[in-house]
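Structure at a glance
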Amino acid sequence: MNTARFSAFGRQAGTIVVTLVGLLILTFCIGRLMPVDPVRAIVGEEADRATYEMVAERIGANLPLYQQFFRYVGDLLQGDFGVSIRTGQPVINDILHVMPATIELATFAIIVGAGLGIPLGILAAVRRNRPVDHVIRFLTLIGHSMPIFWTGMIGLIVFYAALDLVGGGGRLSDYYIGLVPETTGLLLIDSLLAGDWEVFWDAVNHLLLPASILGYSSMAYITRMTRSFMLDQLNQEYVTTARVKGLSKSRTVWHHAFANIRVQLVTIVALAYGSLLEGAVLIETVFSWPGFGQYITNNMLVGDMNAVMTCVLLVGVIFIGLNLLSDALYKIFDPRTR
Amino acid sequence: MTMNSIDIGTAAMTTPSRTTYTARSRLLRVVKDLLANPSSGFGFVVITILLVTALVAPWIAPYEPNMIDLGEALQPPSAGHLFGTDELGRDVLSRIIHGSRISLAIITIVSVIVGPLGLLVGTTAGYFGGWYDTVMMRITDIFLSFPSLILSLAFVAALGASLENAIIAIGLTAWPPIARLARAETLTFRNADYISASRMQGASRLRIIIKSIMPMCLPSVLVRVTLSMATVILTAAGLGFLGLGAQPPLPEWGAMIATGRRYMLDNWWLVAFPGGAILLVSLAFNLLGDGLRDALDPKQGH
Amino acid sequence: MEPHMDNRVPLLRIEGLRVSYRNGRTFTPVVKGVSFDLGRERLGIVGESGSGKSTIGRALLKLLPTARIDAARMDFEGTDLLAATERQMLAIRGRRISMILQDPKFSLNPVHRVGDQIAEAYRVHNKASARMAREKTLAMLEAVKIRDPERVYGLYPHEVSGGMGQRIMIAMMLIPEPQIIIADEPTSALDVTVRMQVLNILNELVTNKGIGLIMISHDLNLVRNFCDRVLVMRHGEVVEERAARDMQNCVHPYTRGLLAAQPHIGGSRRPLPVLNREPMLHDLTGTQP
């Protein structure tokens, strides 16, 4: 590794550390701002003063704020994220338990979103200002503007209550719950591993509607970005070169222009995947989906401090991680930065 | 004497003073452009309707928004109740009309917080540079590393669930992108000749930022604020829906959907109409923002 | 193509070519009725920027999707280019009429290896295995005087210099052996030191293979020294057509002005004559404050 590259690496590492520290300060502040007395939450309403003091001493609630902060960071570094007051379990165990449901939902959604969004974006760019472009623009604008929890409910009213095409809330119908052993936590995979097709189809049936709605909202973003990337490329001179060579429009678009936006697309799909967490918070509430989004909401509603802080921290870390990942992808796949 | 010479200098050299000179005719032209395009015209009209509705809500709403009439509970849409009634017999249309006041309040307060704050942070960071810039941009980075709804959720959880806190939380999460934009714009103007000219004439840094840089950033900030209003509407509705924003019996659209949810499978109108209102307003801001971008800055038209 | 073939039999006959762009409800013409013939010769088109010279090149290949093109006649060896379908054009572009673009920094695809880009031009028009196309490409790279073709084949466009990039471009456009090459400002983006080198390579290949060349440039001197015949364009019209060696006898005041503006050693030091630009000013009065 040469020096220039090394110093760039050092600078980036510095930036990450600073951002992480900022993130910790932010979550710490949110935790301290919460109108919940952490000691009271542990000892309960009836505890006497002596017990209260003792617990306060033990968890450090009587220390000055900056010392509390260092204690918080120290605990995190040892992998101690605290215990959820609501469930009585270590927060990290809770999160590991709910995460697969969200991953399953988000992965399905991103497949829908990217699978439709990228071709539609390219089509819109190629047929710029034609009717197809306007229709696609309208569809993406609706996806961009709709309140996702509302779309979820309308979906339930139409496809579940009226047409009975899909399953209702939850990941499975009641009578299938607990039938397959939990190996990965991803129901589709677990049921396939157990060879239980009935459970598999029931899970698909429950996943279809929430994931499609979530996917539609990320499709809006992906289509928009794909279209603008593609328009940039179609105005490039090398596209004219390809046409001059006698290449057909479709080969020019796919082999030449598309090759130039692949890396950008991976980046925005990664970011869209992260943004699905936001939609998941709402969609999981609508569909009673026992995932990370619902976990955050429930903890916020009851003011479970440790859990809220850890969830917020986790979301921040996921986003920073995705940003780093997309930077890294640029470096790996673009010949100009190799 | 020096003041005088500065004024002459800037008047002769700067584009901003020329823009203010013809500000009114430009504004007229922008409105005309917006109305000429069907999609931004639609956005403009919807937002105007929202404004007017909010202003005259008590006079046009057919019923009192909180008038409980259990005998009329859960009536489907009819001539008497165009959008039906909810579980307490309240008229859904009247509640939506009154809810427009809440939406308007949210939009107004958030843009009043977010626009100036973002503009101030962005222009100063861009103009001063150095460690101040670094610190400010790190802070915006941290805020930007969250989806806005989740960060607002966390703030509301910390501050307590109420409409006021929801507005504050949204305001806190919505300024960083605007600051980023204002900074980027400032960087392109910072070394322009007319800035150097006013600097050489002894204009203070504050004066340069306020008089010369901010007006140049204004159009793109305006576009950005308009577009982010679409997100603000959605986030506010999401918070209301989760029970962390406006609390019942306030006729906030998101909160109305949350209460309607229990009855929705048999009473679709409880959910469909408030959600339709959210969609319409959010769509209108998106369309208007796109139109504004085209009208204010033809070169980056989509 | 045998060199003894009659050079004056035209490959291309253009009469009254008009190109216009839609501007609201009206059409704004950028090329206003241009006529010329092209045989196996080197034809230069000069003009200032905005005179419509580059538009002509692209109109011949029908690569102006938003423009309206019409003409009394656009005949290419019996094919009516104006009436040709997109399918017919695909067989003409690259294979029979090709074009060298201005700046290799932008005209080569940044994410594909240059060798693959050349081989692609060959394989679109010829049934050939990947290996055969590769060999053909290496030979072509050698023909444009690239010393280490094997190495250059695997390079990406950002790894080659401007001069080499333009030689790669020439290789790519000549590999399907077209009958006409349009060179649109082929050397204006290059360093002065490599311009002659690139021009000589182009000249050599064009002359040996009996290819008709249209050289589009703003540089009157270059066109005059390099071409057999010159068209001078202004505001979308041809104002002068003349053999290159006969340029000093030109009659149009605009061309005379251009010629007089050429610096030469030992020339007079009086102020340069001002080009007659009245029509242009007149055109602009509507939009200028």
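Before going into details, it helps to say that this report is about the structure given with it. (Residues numbered from 1 in each chain as written. Chains lettered and ligands numbered in written order. Predicted model: local features only at pLDDT ≥ 70, side-chain atom pairs only at ≥ 80, totals over all residues.)

Right, let's talk about the interface of chain B and chain A for a bit. Size of an interface, as often reported, equals the accessible area lost when the parts are brought together. In this assembly, 37 residues from chain B lie in contact with 38 residues from chain A. Secondary-structure elements contributing two or more residues to the side of chain B that touches chain A are helix 6 (130–144), helix 7 (148–159), helix 10 (205–242) and helix 12 (269–296) of chain B. Residues that form the side of chain B that touches chain A fall into these classes: 27 nonpolar, 7 polar and 3 charged. (Contact = placed C-beta atoms within 7 Å. Helix = DSSP H or I, 4+ residues; strand = E, 2+ residues; numbered from the N terminus. Nonpolar A, V, L, I, M, F, W, Y, C, P; charged D, E, K, R; others polar.)

The subject of this paragraph is the nonpolar core. Counting 231 residues, the largest nonpolar core has Ile-283 and Val-308 of chain A, Leu-153, Ala-154 and Ile-233 of chain B together with Ile-118 and Ala-171 of chain C as the members making the most contacts within it. It is helix 10 of chain B that provides the largest number of residues to this core, a total of 20 residues. Apart from the residues lying within four places of it in its own chain, the contact partners of Ile-233 of chain B are Ser-103, Ile-278, Val-281, Ser-282 and Phe-285 of chain B. (Core = buried A, V, L, I, M, F, W, Y, C linked by C-beta atoms within 7 Å. Buried ≥ 20, exposed ≤ 12 C-beta atoms within 10 Å, placed from the backbone.)

Attention now goes to helix 5 (residues 130–143) of chain C. All names here are of chain C. An ideal rise of 1.5 Å per residue puts 20 Å on 14 residues; helix 5 measures up with 20 Å between its terminal C-alpha atoms. For helix 5, the set of buried residues is Ala-133, Thr-137, Met-140 and Leu-141. Burial along helix 5 is one-sided: seen end-on, the buried residues are contained in an arc of 100 degrees. Exposed side of helix 5, more than 90 degrees from the buried face: Arg-131 and Ala-139 are the residues found there. In this fold, the buried residues of helix 5 make contact with helix 4 (114–125), helix 6 (149–153) and helix 7 (162–174). Once helix 5 finishes, Lys-145 follows within two positions and takes phi at roughly 65 degrees, a positive value. (Expected span 1.5 Å × (residues − 1). Arc of directions from axis to C-beta.)

Moving on, we get to the interface of chain A and chain C. Counting residues at the interface gives 16 residues for chain A and 23 residues for chain C. Residue assignment for the side of chain A that touches chain C shows that the elements contributing at least two residues are helix 10 (237–244) and helix 11 (249–286) of chain A. Here the element with the most residues in the side of chain A that touches chain C is helix 10 of chain A; it accounts for 6 residues. Its residues assigned to classes, the side of chain A that touches chain C comprises 5 nonpolar, 7 polar and 4 charged.

This next bit is on the arrangement of the chains. Comparison of the 2 pairs of chains in contact shows the highest number of contacts for chains A and B. In this view chain B stays clear of chain C, with the nearest C-alpha atoms of the two still 14 Å from each other.

Before going further, it helps to examine the environment of Val-121 of chain B. All names here are of chain B. Position of Val-121 among the secondary structure elements: in helix 5 (residues 92–128). The class of Val-121 is buried, set by 22 C-beta atoms lying within 10 Å. Expressed as a C-alpha distance, the spacing of Val-121 and Asn-165, which sit 44 residues apart in the sequence, is 23 Å. If sequence neighbours within four positions are ignored, Val-121 has contacts with Met-136 and Ala-179.

A separate point is the sheet that holds strand 7 (residues 97–100) of chain C. Residues and elements named next belong to chain C. Pairing is mixed in the open sheet, where 6 strands are placed in the order 7-8-9-3-10-11. Each edge of the open sheet is held by one strand with a lone partner, namely strand 7 and strand 11 (237–243). Within this sheet the neighbouring strands show an average axis-to-axis angle of 20 degrees, counted without direction. Both strand 10 (residues 229–234) and strand 11 contribute to a ladder of 6 bridges, which runs antiparallel. Across the sheet, residue Arg-234 finds its bridge partner in strand 11, namely Glu-237. The strands touched by helix 7 within the sheet are strand 7 and strand 8 (180–184), with strand 7 carrying the most contacts at an inclination of about 175 degrees. (Pairing = 2+ DSSP bridges. Axes fitted to C-alpha atoms, helices over the stretch in contact; angles between N-to-C directions.)

With that settled, consider the environment of Asp-86 of chain B. Residue and element names in this part refer to chain B. If you trace the backbone, Asp-86 turns up in the loop between helix 4 (38–60) and helix 5. A sequence separation of 54 residues divides Asp-86 from Thr-140, and the C-alpha atoms of the two residues are 42 Å apart. Dropping the residues within four chain positions of it, Asp-86 is found in contact with Val-92, Gly-260 and Leu-270.

Residues and elements named next belong to chain C. Taking every second residue as pointing to the same face, the buried face of strand 5 (residues 73–76) carries Met-74 and Phe-76, while none of Arg-73 and Asp-75 on the other face is buried. Pairing between strand 1 (residues 12–23) and strand 5: 4 bridges, direction antiparallel. Residue Arg-13 lies in a different strand from strand 5, and its bridge partner there is Asp-75. Pairing analysis gives 2 bridges linking strand 5 to strand 6 (residues 79–80), with the strands arranged antiparallel. Looking at strand 6, one finds that Phe-76 is bridged to Thr-79. Joining the antiparallel neighbours strand 5 and strand 6 is a turn of 2 residues, in which Glu-77 adopts a positive phi near 45 degrees.

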